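Chains, contacts and geometry: an overview
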Amino acid sequence: MRKNRIRKRVFLVLGIAAIFLFISGALTQYGIEKQKLPQFNKVELSKTIKNLGQENNDVLSAESKKRELYINTETLNIKVVDKETGCEWNSICLDENSNDLDKSPLVIKFMGKDNSLYEWDSYKYAVKNKRYEVNQVKDGFQIVFDFLEVGTYRLNEYIPKKISIERYEELFVKKLDDKIKENTVTPKQASRYKNALKMAYKKDEENGCYFIATNINTIPLSMVKTLVEFAKTVEYTTDMLIEDSSQFDLTVDIMEPASFAVAMEVTLDGDDLKVRIPTYEIETGNDFYTIQNISILPSFGYIPAEEISEGYIFVPDGSGALFKLNDYNSKYPEYTRPVYNNTYYNTLYNLSEYPENIHMPVFGMYYTKNAENGGISQGFMGIIEEGAELAHINVQLGTPDTSKGGVPYNKVGSSFDCMQYSRVSIFGPYSDNPAKYLSSTGLIDADYTIRYKLFAERTDYYDMAVAYREHLIEKNGLFLSYELSPKFFFDVIGTLTLEERFLGIPYEKQVSMTAYDELLKILEDMSYMDKVIAYKGFFNPDITNTKPRANGSENEFNKLIEYINDNDELYFNIDLMRIAKKGDGFRARKHAVKGYDSKPVEFMPYNYAVGRFGYTQKMKSHLLNPLYLSGVTNDFLKSYQQYNNIFINDMGSTYYAHYKQDENVSPIISANILKSCLDEISKQKTIALDNPNMDKIKYAEYAVNISRESSDYATMYCSVPFRHLVMNGLTQYTTLNTNMAADTGSYFIMQAFEAGSIPKFTIAYKNIDILKNTDYSDYLSIQYSLLSDKIKAMYDEYVNGIKKIGTREITGHEMLQKNVFKTTYGSGTTVIVNYNKFPVALEKGKYKLDGVDYIIIPGHGLE
């Protein structure tokens, strides 16, 4: 929440010229400048104090009042110990069930110029071969991993594409027979090698050779590994390969091995563990390869499945979701999601299987060991402090019985993209022609940083939400404030652009669904309540952001404002990044965000009838190149100073980047530009944001359209209102549209009482029949005259509930059963909600709730 919590009323000095004035006109006509590409602020690695060697067990490298940080310089296990309880958090698995990945502090993916993607774990390619260095730094240590290729599976580097029959018999067949006689190869191995040779090579008697009959790059990896193993077994050397190939005038390309040096700093910051990897410090020994992704401490805080009694993994999917530990499902072995929808431009024309995005850069796990004997409980939460625009959250559920598949550990962690890429369809996303090419950003400058909050006692998602909220308060200079006054939030639809026809010729016509005088009538009819109005269609959907005349006259507008100033809050809806209409100086080739194909990205809604995006061009829009955003923002602020309250549609959660090959603006730089624009706007205006990511929450007086759902992924246990609990006291937040959802009004009232949300409606004054068979058919339930009774009844129920609760300050939240939750408020009142479709009973039948029902219990009635 912004430091100034005083609610600003709308104060306007109106004149006819001001009302319909252009935002300084247009990009070209009024000279909105394109800023220079900002440089990323690089921070050097910490100064090293001493080298810690490679053969020491646990070395105490830092300690705080509550914690001790150790590094085992032989295994590179990072361990944090709680001094009071003795609880430990380890970064790698070292028991008899662990594999190379489990033993790895890092896992890297890298891409070659041949467009192949490779994965290396740090145990096999660095730790096992002692290719690392551990240095003491202030408050912790620094590990430099020297990744080096220890063996390849590029088949052309091991066996020839052609070999003479004589040499084949001598070097392959006879040599293998000799190894069998020496008992260095078992019959089973020999059979496997012979089958692989038979499948790979064909005999050509005419030309006196054996040759590989298929494309060497399409041979299955399992077979490639067998043939590479065979070449090593029969001691077939590189010199032999070159000699045999030259006999048929074939060249052998022996690629220089891949190598990377990656520095990771690990420190104690207070009682928190902090891990940092600056991408600009990565060194590459072979420029044929570029690091694409790094998974950081993928096993940190892991818990073996056989040791766990109860517990959950938390992910910020939608409002928040829990995975039950040990709930492994072979059909869904892992969960991986991009933070802030950062794969958006790569999957632009694919309908996501996940209905909700990740709006918070956090994850966590909590559990109890041996609960039947009192148990030991602990947990952790990771907060991605820097680089969240490139991050992914990864979950792996374990199982005590791995005989039928699965892994023996439960894990949650994060990875991040050092390079973004896309395989671009040459003929378009829906073409039957599969031809593609690879486009990438190259290495992105980022300072990827994770802070781990550690919990050494029984904890749950509510404790994590409070810890994350405290982190945001400290980082952004925020404070808690709870407004008790009950209110509803309304999106009011103003001007829409509809297609009309004259003599069969289509043309666009602006139609106001709620003119100024009509909005005034609605507000007067709802004078019994406090309300917040977001007036949509107040500005034109183009770069000009002028006001359409369809909403009414100057006099009608003044009367509306006069009423609003005395009664309610009015926010004017605007897009500053998204351009829905060309013209007035906007040229997509010059001013729009470019995709991986370096062409302007066209954003269009999904058409379920035809199963694709962009079937109709009428709803097409573009995003403004990030380098023009500051100019447009400054121009808006100068030209429309009279509008104190604005509702910004597109700055809350739009993933922002510009992928033009010769002018790449990284997601990190784009996010910094966007935040600087929000900084400037927030200094002059009160802001409401649509569905904002958590890094934008400090700018929002209202966070609008906050879902209470998760994606309900296959192995998820249930949804929790983690996002709401974090925002509680930081800002005011609304539900989704009550009248545009399949759920009943009770569902949204339950959210209001459970999570402190403000109920929300979308309304319009005019008859909605004019929207039938248009692109706005989803607005067919917004006619105010048909909703007024429902709104009144729901508001009365809401007011009565708020009076009983007595505050919006949430002091506790817990899951009583699956989809049954208890909220405790600062007044002592508790609210129980049952989101199940069936009734439940609590406290041996003392409290009974129907399906989709709630109860409010004064004082501390439910313990």
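Everything here concerns the structure above.
Calculation rules
Throughout, residues of each chain are indexed from 1 in the direction in which the sequence is written. Thresholds applied to this predicted model are a pLDDT of at least 70 for local features of residues and 80 or more for the giving and counting of side-chain atom pairs; totals over whole chains, interfaces and linings are not thresholded and use all residues. Just so you know, side-chain values use all the structure's heavy atoms and leave hydrogens and water out. Helix and strand labels come from DSSP, where a helix needs a run of H or I of at least four residues and a strand needs a run of E of at least two; each type is numbered from the N terminus. A helix is expected to span 1.5 Å for every residue after the first. Each pair of aromatic rings taken from Phe, Tyr and Trp, with Trp reduced to its six-membered ring, is defined by centres within 6.5 Å and is described as stacked if the planes are under 30 degrees apart, edge-to-face if over 60, and tilted in the remaining cases. By definition here, charges over rings are those cases where NZ of Lys or CZ of Arg is within 6 Å of the ring centre and within 35 degrees of the ring normal. The working definition used for a salt bridge is a side-chain nitrogen of Lys or Arg within 4 Å of a carboxyl oxygen of Asp or Glu. Note on exposure labels: buried denotes an accessible area under 20% of the residue type's maximum, exposed denotes more than 50%, and partly exposed covers the range between, all computed with a 1.4 Å probe on protein chains only. Between any two strands, pairing holds if DSSP finds at least two bridges. Angles run from 0 to 180 degrees between N-to-C directions of axes, and those axes are lines fitted to C-alpha atoms, restricted for helices to the stretch in contact. A contact between two residues is defined here by any heavy atoms of the two lying within 4.5 Å. We call a set of buried residues a nonpolar core when its members are Ala, Val, Leu, Ile, Met, Phe, Trp, Tyr or Cys and they connect through side-chain atoms within 4.5 Å of each other.

Things to note about helix H15 (residues 784-805)
Here H15 is 22 residues long and its end C-alpha atoms lie 29 Å apart, about the 32 Å a rise of 1.5 Å per residue gives. Glycine 806 sits one or two positions beyond H15 and adopts a positive phi of about 85°.

Points about the packing of aromatic side chains
This structure, assessed with the given rule, holds 69 aromatic pairs. A connected cluster of aromatic rings, assembled from ring pairs, spans Tyr516, Tyr535, Phe538, Phe539, Phe557, Phe572, Phe636, Tyr640 and Tyr643. The ring of tyrosine 528 carries the charged tip of lysine 792 above its face, separated from the ring centre by 5.2 Å.

Some details on the pattern of salt bridges
A side chain of one charge can pair with a side chain of the opposite charge when the charged atoms of the two come close. What the rule picks out here adds up to 42 salt bridges. A salt bridge links lysine 179 to glutamate 235; its shortest N-O distance comes to 3.3 Å. Here glutamate 235 lies in the loop between helix H5 (221-233) and helix H6 (238-246) and lysine 179 lies in helix H3 (residues 165-181), a separation of 56 residues in the sequence. On the basis of relative accessible area, lysine 179 is assigned to the buried category, the value being 11%. Exposure remark for glutamate 235: the relative accessible area of 43% places this residue in the partly exposed category. In this structure, glutamate 518 and lysine 766 form a salt bridge, with 2.9 Å as the shortest nitrogen-oxygen distance. Of this pair, glutamate 518 sits in helix H8 (residues 516-525) while lysine 766 is found in the loop between strand E42 (758-763) and H15, placing the two residues 248 residues apart along the sequence. Note on glutamate 518: relative accessible area 11%, which makes it buried.

Quick look at the sheet that holds strand E32 (residues 569-574)
Reading around the barrel, the 8 strands line up as E28-E31-E32-E37-E38-E39-E41-E42 and close back on themselves, with parallel pairing between neighbours. Between one strand axis and the next, the sheet turns by 25° as a mean value, whatever way the strands run. Bridge count between strand E28 (residues 487-493) and E42: 4 bridges; the pairing is parallel. In the sheet register, phenylalanine 489 faces E42, and the bridge partner there is lysine 760. Each of strand E31 (530-536) and E32 is contacted by helix H9 (residues 554-567), which is oriented at about 130° to E32, the strand it contacts most. Across the sheet, helix H12 (residues 667-684) is in contact with strand E37 (645-648) and strand E38 (686-690); its angle to E38 comes to roughly 135°.

Considering the nonpolar core
Counting 207 residues, the largest nonpolar core has Met264, Ile294, Ile296, Met651 and Phe722 as its most contacted members. At 9 residues, H15 tops the list of elements feeding residues into this core. Isoleucine 296 has contacts with Pro105, Leu106, Met264, Val275, Ile277, Ser414, Phe416, Tyr448, Ile450 and Tyr452, leaving out every residue within four places of it along the chain. Core analysis: the next-biggest nonpolar cluster, separate from the first, contains 29 residues, Phe172, Ile216, Val224 and Tyr236 among them.

Let's talk about the sheet that holds strand E48 (residues 853-857)
Remark on secondary structure: sheet strands pair via backbone hydrogen bonds, oriented parallel or antiparallel. Taken in spatial order, the 4 strands of this open sheet run E43-E44-E45-E48, and their pairing is antiparallel. Of all strands in the sheet, those bounded by a partner on one side alone are strand E43 (810-817) and E48. Strand after strand, the sheet turns through a mean of 15° between neighbouring axes, direction not considered. Judged from the 5 bridges that link them, strand E44 (residues 820-825) and strand E45 (residues 830-834) form a sheet pairing that is antiparallel. Its bridge partner being in E45, lysine 822 is matched across the sheet by isoleucine 832. The strands touched by helix H7 (residues 461-476) within the sheet are E43 and E44, with E43 carrying the most contacts at an inclination of about 150°. Together, E44, E45 and E48 form the strand contacts of H15, whose direction differs from that of E48 by roughly 35°.

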